[in-house]
Amino acid sequence: MENQNSCKLLIDLHIKFLRQFLFQAPKNFVFYEYTRPTILFFMISGLDILNALNVLSSEEKLGICDWIYSQQVKLKPENDIEELRKCGFYGSRTSTVKDCDNENLSQLNVGNLAMTYSSLCTLIILGDDLSRVNRINTLKAVKYLQNENGSFLSSVVCGENDMRFVYCAMVICYILNGFSYINIEKTIQFISQSVHYDGGIGLKPNLEAHGGSSFCGIASLFLMDQLETALTSIQMKNLKRWLIFRQQSGFQGRPNKDVDTCYSFWIGATLKIMGMFSYVNWEENKNSILLCQNTITGGFSKCSHTEVDLLHTYFGLYGLSFMNITGLNEMHSALNISMRAYEHLKVLHNLYKTNSYW
Ligand SMILES: [Zn+2]
């Protein structure tokens with residue numbers, strides 16, 4: 001669709017675009033049924049970037065929190081490792097998984113690190129106090145999902161195992177103050193072994209470097225407070241070079257690939273964490289993202305000739321927030337939530353530490 005007025009960020013239109021997904025999703029979202037907390041997270045955190053959480057009433061916010069808690073795995077016997085591995089939050093009460101070896105295997109009541117991550121972030125953004133989170137069992141699930149090589153299995157049902165779930169595990173541990181539950185040394189080793197020879201970080205050792213996995217690796221090291229020591233100075237230098245060379249106008253995810261709106265987040269956030277964002281050409285990056293803004297429906301697309309979608313809307317707005325655009329909240333680059341939500345988390349940490357609850 002031809003974009004007009006593409007240089008101006010149409011904040012009100014994007015608020016409308018995001019809010020409409022809250023209670024009515026498009027038909028094709030049925031394929032993403034098993035990732036409902038992630039869809040919810042994009043909507044809620046997207047509204048937070050736009051400083052627009054006030055479009056939700058208190059009742060709506062409470063209703064969303066109640067729904068998230070209804071997806072939490074109920075208490076299991078604490079000494080049964082196989083049961084504990086299923087703890088955390090799940091994605092849907094109705095869906096099955098069709099893309100793994102055991103076709104139509106049910107995901108019912110089985111936690112998943114990505115869904116737990118999305119659920120906890122959304123609760124914090126909405127101002128919840130996390131008092132209903134089964135903290136110990138959730139952290140034990142993370143502990144028992146860690147593999148011998150330091151990576152994490154996403155779930156006991158059709159689990160995947162790569163840098164994405166290292167990041168989810170690190171955010172869960174950060175939010176719930178639970179780094180003592182995991183083997184940090186092995187996690188660091190997995191990340192450092194995934195540094196590719198061209199400088200970026202792959203999803204696993206010996207895989208091609210990628211913007212998304214580079215973010216997951218570096219944000220994980222930052223959250224563990226290991227960014228300064230985990231990689232060698234040569235690895236850090238090569239990584240910075242690899243990241244900054246991904247800017248064309250906006251950013252590409254890998255060498256020789258087209259520019260894609262979401263990499264203004266994946267690469268941009270990694271550069272922010274590493275203190276390198278001042279080397280980005282802000283004007284070109286901003287214009288590249290705004291070219292993908294739909295000025296009629298709201299939302300952002302992957303590139304200027306494709307349809308808008310929720311993921312690229314979220315990461316497009318996030319990428320723009322790094323460039324001090326009026327009307328957008330300041331975001332925490334590693335946690336993937338606003339600084340406002342991060343301040344709320346800090347209050348919770350102080351409260352629970354003072355009460356010796358955590
Ligand atoms: Zn993309």
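Residues numbered from 1 in each chain as written. Predicted model: local features only at pLDDT ≥ 70, side-chain atom pairs only at ≥ 80, totals over all residues. Heavy atoms only, no water.

1. A short note on the packing of aromatic side chains
As a reminder of what qualifies: Note on aromatic contacts: the rings of Phe and Tyr and the six-membered ring of Trp form a pair at centre separations within 6.5 Å, being stacked when their planes are under 30 degrees apart, edge-to-face when over 60 apart, and tilted otherwise. Starting at the N terminus, helices and strands are each numbered in turn, a helix being any DSSP run of H or I of at least four residues and a strand any DSSP run of E of at least two. Working definition: with a 1.4 Å probe on protein chains only, accessible area under 20% of the residue-type maximum means buried, over 50% means exposed, and in between means partly exposed.
Scanning all chains against the criterion turns up 23 aromatic pairs. An angle of 65° between the planes, with centres 5.6 Å apart, marks the rings of Y117 and Y167 as edge-to-face. In this pair, Y117 sits in helix α5 (residues 113-125) while Y167 sits in helix α7 (residues 163-175), placing the two residues 50 residues apart along the sequence. A residue is classified by how much of its surface remains accessible, and Y117, at 7% relative accessible area, is buried. A relative accessible area of 4% places Y167 in the buried class. Note on F215 and W266: the rings are 5.6 Å apart at their centroids and 65° apart in plane angle, and the pair reads as edge-to-face. In this pair, F215 sits in helix α9 (residues 211-223) while W266 sits in helix α11 (residues 263-273), placing the two residues 51 residues apart along the sequence. For the pair F215 and W266, a shared accessibility class is recorded, and that class is buried.

2. Some thoughts on the domain arrangement of the protein
Cut-off, in case you're wondering: As annotated, the domain borders come from an automatic or database domain assignment. A contact between two residues is defined here by any heavy atoms of the two lying within 4.5 Å. We define buried area as the total accessible area lost by two parts upon association, computed with a 1.4 Å probe and summed across both. In the sections that follow, a salt bridge refers to a side-chain nitrogen of Lys or Arg positioned within 4 Å of a carboxyl oxygen of Asp or Glu. In protein, a polar contact means a hydrogen-donor-capable atom and an acceptor-capable atom, both N or O and within 3.5 Å, with residues adjacent in sequence counting only if both atoms are side-chain atoms; elsewhere, any N or O pair within 3.5 Å suffices. The classification used treats Ala, Val, Leu, Ile, Met, Phe, Trp, Tyr, Cys and Pro as nonpolar, Asp, Glu, Lys and Arg as charged, and all other residues, Gly among them, as polar.
Per the domain assignment, the segments of the protein are domain 1 (1-27 + 246-358), domain 2 (57-176) and domain 3 (183-241). The partner domain 3 presents 18 residues to the 15 residues of domain 2 that form the contact. Taking both partners together, domain 2 and domain 3 bury about 1400 Å²; carbon and sulfur atoms supply 71% of that area. Area buried by domain 2 at its contact with domain 3 is led by M163, Y167 and M170, which between them contribute 44% of it. At the boundary of domain 2 with domain 3, the tally comes to 1 salt bridge. A salt bridge links K186 to E148, with the shortest nitrogen-to-oxygen separation between them at 2.5 Å. Linking domain 2 with domain 3 are 5 residue pairs in polar contact (both at pLDDT 80 or more), by the criterion used here. Looking at side-chain class alone, the side of domain 2 that touches domain 3 contains 7 nonpolar, 5 polar and 3 charged residues.

3. Some remarks on the coordination of the zinc ion
Angles between donor atoms at a metal ideally measure 109.5 degrees for a four-coordinate tetrahedral arrangement and either 90 or 180 degrees for a six-coordinate octahedral one. For the record, the criterion: Here the coordinating atoms are restricted to nitrogen, oxygen and sulfur within 2.8 Å of the metal centre, or 3.2 Å for Na, K and Ca, and because water is not among them the sites may look incomplete.
Protein ligation of the zinc ion involves D260 (OD), D260 (OD), C262 (SG) and H312 (NE2), the donor distances falling in the range 2.2 to 2.5 Å. Site description for the zinc ion: donor spacing in sequence, D-x1-C-x49-H. Taken together, the residues span a long stretch of sequence, with D260 in the loop between α10 (233-244) and α11 and H312 in helix α13 (residues 310-321) at a distance of 52 residues. Comparing D260 with H312, the two get one shared label, buried.

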